[in-house]
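Okay, here's what each chain looks like letter by letter:
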There are 2 protein chains.
Amino acid sequence: MEELRKKILSEGKICANNIVKVDSFLNHQLDVGFMKKIGKEIASRFKGEKIDKILTIESSGIAIACYVAEEFNCRVVFAKKGKSLNQSKDCFEANVYSYTRGGEYTIRVSKEFLHKGENVLIVDDFLANGAAINGLMNMVNEAGAHLVGCSVVIEKGFQPGGDNLRAKGIKLESLAILDVIDEANQTITFKDEK
Amino acid sequence: MEELRKKILSEGKICANNIVKVDSFLNHQLDVGFMKKIGKEIASRFKGEKIDKILTIESSGIAIACYVAEEFNCRVVFAKKGKSLNQSKDCFEANVYSYTRGGEYTIRVSKEFLHKGENVLIVDDFLANGAAINGLMNMVNEAGAHLVGCSVVIEKGFQPGGDNLRAKGIKLESLAILDVIDEANQTITFKDEK
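All values derive from a computational prediction rather than experimental measurement. (Residues numbered from 1 in each chain as written. Chains lettered and ligands numbered in written order. Predicted model: local features only at pLDDT ≥ 70, side-chain atom pairs only at ≥ 80, totals over all residues.)

A. A look at the overall build of chain A. Looking only at helices and strands, chain A features five helices and 11 strands. Relative to the compact-globule value of 16 Å for 194 residues, chain A shows a C-alpha radius of gyration of 16 Å, a close match. In terms of overall dimensions, chain A has a C-alpha envelope of 50 × 40 × 35 Å along the principal axes. Residue burial in chain A is summarised as follows: out of 194 residues, 47% are buried. Long-range pairs, those at least 24 residues apart, make up 59% of the contacts in chain A between residues at least 6 apart in sequence. (Helix = DSSP H or I, 4+ residues; strand = E, 2+ residues; numbered from the N terminus. Rg over C-alpha atoms; globule rule 2.2 N^0.38 Å. Buried ≥ 20, exposed ≤ 12 C-beta atoms within 10 Å, placed from the backbone. Contact = placed C-beta atoms within 7 Å.)

B. A look at the interface of chain B and chain A. The interface of chain B with chain A comprises 29 residues on the first partner and 29 residues on the second. For the side of chain B that touches chain A, the secondary structure elements donating two or more residues are β2 (19–21), β3 (29–30), α2 (32–44), α3 (61–72) and β5 (75–81) of chain B. For the side of chain B that touches chain A, the per-class residue count stands at 13 nonpolar, eight polar and eight charged. Looking at chain direction, strand β5 (residues 75–81) of chain A and β3(B) are connected through two bridges and run antiparallel. Residue pairing in the sheet places A:V77 in a bridge with B:Q29 of β3(B). (Nonpolar A, V, L, I, M, F, W, Y, C, P; charged D, E, K, R; others polar. Pairing = 2+ DSSP bridges.)

C. Structural detail: the pairing of strand β10 (residues 172–182) of chain B. Looking at chain direction, strand β9 (residues 146–156) of chain B and β10(B) are connected through six bridges and run parallel. For B:K156, the partnering residue across the bridge sits in β10(B) and is B:L178.

D. Quick look at the environment of A:K7. All names here are of chain A. Within the element layout of this structure, K7 appears in helix α1 (residues 2–11). Spatially, the C-alpha atom of K7 lies 9.7 Å from that of F34, the residues being 27 residues apart in sequence. Residue contacts for K7: discarding those within four places in its chain leaves F25 and F34.

E. Representation of the packing of helix α2 (residues 32–44) of chain A against helix α3 (residues 61–72) of chain A in the model. All names here are of chain A. Contact geometry of α2 with α3 gives a least axis separation of 8 Å together with a crossing angle of 55°. Between α2 and α3, the crossing angle belongs to the class labelled oblique. Here α2 and α3 pass one another in a crossing that is right-handed. Each of M35, K36, I38, G39, K40, I42 and A43 in α2 lies in contact with α3, whose residues at this interface are A63, I64, Y67, V68, E70, E71 and F72. Classifying every residue of the contact of α2 with α3 by side-chain character gives nine nonpolar, one polar and four charged. (Axes fitted to C-alpha atoms, helices over the stretch in contact; angles between N-to-C directions. Parallel < 35°, antiparallel > 145°, perpendicular 65-115°, else oblique. Left-handed = near helix turned anticlockwise from the far one by under 90°.)

F. The arrangement of the confidence of the model for chain A in detail. Overall, the predicted model of chain A reaches an average pLDDT of 94, with 97% of residues at or above 70. Reported confidence for the predicted complex is 0.95 by ipTM and 0.96 by pTM. (pLDDT = per-residue confidence, 0-100.)

G. Structural detail: the relation of the copies chain B and chain A. For these two chains of identical sequence, chain B goes onto chain A by a turn of 180° and a shift of 0.0 Å along the axis, with RMSD 0.0 Å. Read as a symmetry element, the transformation amounts to a two-fold axis. For chain B, the minimum C-alpha distance to the rotation axis belongs to B:S59 and amounts to 2.6 Å. By residue overlap, the copies meet face to face through one surface: 100% of the interface positions of chain B are interface positions in chain A. (Least-squares fit on C-alpha atoms with pLDDT ≥ 70 in both.)

H. Summary view of the nonpolar core. By size, the foremost hydrophobic cluster in this structure holds 118 residues, and its most contacted members are A:C66, A:V68, B:C66 and B:V68. If we ignore the near neighbours within four places in the chain, the residues touching A:V68 are A:G39, A:I42, A:A43, A:I54, A:L121 and A:V123. (Core = buried A, V, L, I, M, F, W, Y, C linked by C-beta atoms within 7 Å.)

I. Broad picture of the pairing of strand β8 (residues 119–127) of chain B. All names here are of chain B. With eight of nine residues buried, β8 is to be regarded as a mostly interior element. Relative to β9, β8 is paired through eight bridges, and the arrangement is parallel. Directly across from F126, in β9, lies its bridge partner I154. In this fold, β8 hands off to helix α4 (residues 131–143), which returns the chain to β9; that crossover is right-handed. (Right-handed = clockwise from strand over helix to strand, strands pointing away.)

J. Local environment of the environment of A:S88. Note that A:S88 resides in the loop between β5 and β6 (91–98). Leaving out residues up to four positions away in the same chain, A:S88 has contacts with A:S110 and A:E112.

K. How the structure looks around α4(B). All names here are of chain B. Compared with an ideal rise of 1.5 Å per residue, which puts 13 residues at 18 Å, α4 spans 19 Å between its outermost C-alpha atoms and is within 8% of the ideal. All buried positions along α4 are accounted for by A132, I133, G135, L136, M137, M139 and V140. A positive backbone phi angle near 75° is found at G144, which sits one or two residues after α4. (Expected span 1.5 Å × (residues − 1).)

L. Just unusual backbone geometry, in detail. Going from A:E58 to A:S59, the amide bond is cis rather than trans, its omega being 0°. Tracing the sequence through the fold places A:S59 in the loop between β4 (53–57) and α3. In this structure, A:N18 takes a positive phi of about 60° despite not being glycine. Inspection of the secondary structure assignment puts A:N18 in the loop between β1 (13–15) and β2 (19–21). Positive phi values are uncommon outside glycine, yet B:Q186 reaches one of about 55°. Secondary-structure assignment places B:Q186 in the loop between β10 and β11 (187–191).

M. Layout of α3(A). Residue and element names in this part refer to chain A. When the terminal C-alpha atoms of α3 are compared, their 17 Å separation across 12 residues agrees well with the 16 Å that a helix rising 1.5 Å per residue should span. Within α3, 10 of the 12 residues are buried, which leaves it mostly tucked inside the rest of the structure. N73 sits one or two positions beyond α3 and adopts a positive phi of about 55°.

Right, dumping it as structure tokens:
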């Protein structure tokens, strides 16, 4: 997605440890008009598919998921991190290791909101090692739902998450794939999206 | 908001400790079409005001904030809970006690995304004791921004957060105000919104 690449180049901040911060539009401040375009772009890549539910993970996936769901006229479910008094006891659970948070955490989706036979599209902001998406996929399997595919805004192409999904035959649509993040020279290069 | 009251009555689950779970449409599964209506309703209550930014807190405020922001054609900023490697060091911070999480946590907004002179509308899903909204208001003050007002989808009218804000002269728009949650009889009564 050309406009996304431009936005990453103009607004992204290259930090140590192969991190590009895109918090001016994607995961702290939200450029709502642009998020809407992202939603439309993701939806266009699954055009013709039957999608009953968009599954994502709090927090940065939520806005993206909403704008994809609008296109399919379906609901969003976001997996929750951590525990809350309000949370249903009857949940699908997965343990996820987060590099940026530096530890493992449990994600949960209430069994009320993920059903056998539902056609599920998983979306998220970033894909690196794929821990979060694998956790979500396990929940889809456990529910007996059907995974239509996965879509992320930014894939870190130098980490194995994306290729692992492709190797499993899962349809993955990444709107931008980072190839090299060069902190010293402050440059980013992209892989072809396909 | 009549449609919201109906939705709370038909989908809300009354639990112990004055909790009504509305996770079928508001904070776990998201009914995107309805969230859009909520965004429009909140925006209508601040019609004619100049709004430069919608400030909320992850996670359940994000979808609401996006749909309000669409109406004002402005950006969303969501305060983050907890720490992340990606997070800017230069943040506004506030400590917030959460009843449903059973403890205090720190929320942060990068100083890049909240500016002096900006007209800020704070939105969230629930208002009970007002801890989260007070934390957000402190950040707005610290930034030298202007608080236009606050809006929540559901106010727990039997807890002091809402009245405390009104007593300070802050414009607060609650789309539904719960008066009594009767677990034994499984009934909810509402206060008048004004």
